[in-house]
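# What the coordinates show
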Amino acid sequence: GQAVLDVLAEYRGREPAAIVLFSDGINTGGPSLTEAAEQARRRGVPIYCVALGRETVPQDVAVDEVLADEVVFVNDVVLFNVAIQATGLAGERAKLILRTKNSRTPLAEQIIELPAEGAVKTVQLPYRPTEEGEFDFVAEVVPHAKETRPDNNSAAVHVTVRKGKFKVLLVEG
C-alpha cells in the first residue's frame, strides 16, 4: 500500500498512465493496498497487479544439527541427537538414517513424524560402535517425494571412538 501511495505522491500534478504492482499479496506494514488502490482509482490511475510466489508453502525437510559425545568407547551406546525442521510436510512420515560419511550403509534408522512448520523436533538415534577410530557420522532424512530442496537433509558430527576403560579409584572418608 505504501509503495502505491509513494508513486502517487511522486507524480502529484501529472498522473502516471498506470501502476504495475509486483506483489506476493502480503502487506508487511503501512497502509493496506485497498486504501492505496482507492486513492489511485479516485485519481484515475489503473493498477495492474502481477502475482509473485506460490500458493502453497515449499515443502522441505532440514537436519539442523547432530549432537553426540565427542569421545566414546567401543561397545558403549552413543546417543545421536538430531534436530529436524520441516515446512509444508507436518505429520508426514520420513526415514532418518545414521551412517558414516564414506558409506551409504545405515548404522541405525528410525521412521519419524515430521514436525509442524516452525517447530524443531529432536530425535535420538542410538548406535553402539564396534571399532575404534575417528569417525564422521552423518544423520540424514531420506528426501521426501514432494520435497523441493533435498540438499539440506543431512548434517555430520565428528566422534572419536576409543578402546579401553577408565580406571577409577574412589576414596571416601
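As the structure is a computational prediction, the values presented were derived from the model and not from experiment.

Cut-off values and rules
Each chain has its residues counted from 1, running along the sequence as written. Reporting in this predicted model follows two pLDDT cut-offs: at least 70 for local features of residues, and 80 or more for side-chain atom pairs to be given and counted; totals over whole chains, interfaces and linings ignore these cut-offs and use all residues. Hydrogens and waters are ignored; side-chain quantities use all the structure's heavy atoms. Axis definition: a line fitted to C-alpha atoms, limited for helices to the stretch in contact. Angles are taken between N-to-C directions and run from 0 to 180 degrees. Helical segments are the DSSP runs of H or I of at least four residues, strand segments are the runs of E of at least two, and each set is numbered from the N terminus. These descriptions rest on fixed angle ranges, namely under 35 degrees for roughly parallel, over 145 for roughly antiparallel, 65 to 115 for roughly perpendicular, and the rest for oblique. For any pair of crossing helices, the crossing counts as left-handed if the nearer helix is rotated counterclockwise from the farther one by less than a right angle, and right-handed if it is rotated clockwise. Any two residues whose heavy atoms approach within 4.5 Å at even a single point are treated as in contact. Throughout this entry, Asp, Glu, Lys and Arg are counted as charged residues, while Ala, Val, Leu, Ile, Met, Phe, Trp, Tyr, Cys and Pro are counted as nonpolar. The remaining residues, Gly among them, count as polar. Take the buried Ala, Val, Leu, Ile, Met, Phe, Trp, Tyr and Cys residues and link them wherever side-chain atoms come within 4.5 Å; each set so joined is a nonpolar core. Classification of residues uses two cut-offs on accessible area relative to the type maximum, computed with a 1.4 Å probe and protein chains only: under 20% is buried, over 50% is exposed, and between them is partly exposed. The sign given to each residue is positive for Lys and Arg and negative for Asp and Glu; His and the chain ends receive no count. The salt bridge definition used is simple: a Lys or Arg side-chain nitrogen within 4 Å of an Asp or Glu carboxyl oxygen. Polar contacts here mean pairs of N or O atoms no more than 3.5 Å apart (in protein, one a potential hydrogen donor and the other a potential acceptor; neighbouring residues in sequence count only if both atoms are side-chain atoms). Here the rule is simple: two strands pair whenever DSSP picks up at least two bridges between them.

## Structural notes on the packing of helix α1 (residues 2-10) against helix α2 (residues 33-42)
One can describe the packing of α1 onto α2 by two numbers: an axis separation of 8 Å at closest approach and a directional angle of 25°. Classified by the interaxial angle, the pair formed by α1 and α2 is roughly parallel. Considering how the two elements wind past one another, α1 and α2 form a crossing that is left-handed. Each of V4, L5 and L8 in α1 lies in contact with α2, whose residues at this interface are L33, A36, Q39 and A40. Classifying every residue of the contact of α1 with α2 by side-chain character gives six nonpolar, one polar and no charged.

## Topic: the nonpolar core
Counting 29 residues, the largest nonpolar core has V66, F80, I84, L96, L114, F137 and V159 as its most contacted members. When residues of this core are traced back to their parent elements, those giving at least two are β3 (60-67), β5 (78-87), β6 (93-100), β7 (108-113), β8 (120-127), β9 (133-141) and β10 (154-162). Here the element with the most residues in this core is β5; it accounts for five residues. Non-local contacts of F80, meaning those with residues more than four positions away in its chain, are made with V66, L67, A68, L98, V123, Q124, L125, Y127, F137, V157 and V159. Of all hydrophobic cores here, the second largest spans eight residues; its members include L5, L21, A40 and V45.

## Points about the side chain of D60
In this fold, D60 is placed in strand β3. Of the side chains with opposite charge, R149 comes closest to the buried, unpaired D60, at an N-O distance of 4.8 Å. One polar contact links D60 to N152, side chain to side chain, over a distance of 2.9 Å.

## Details of the sheet that holds β5
The sheet built from three strands is open, its strands ordered β3-β5-β8 with antiparallel pairing. Looking at the sheet topology across the chains shown, the edges are occupied by β3 and β8. Averaged over all pairs of adjacent strands, the angle between their axes in this sheet comes to 30°, without regard to strand direction. As defined by bridge partners, β3 adjoins β5 across seven bridges and the pair is classed as antiparallel. Directly across from D60, in β5, lies its bridge partner T87.

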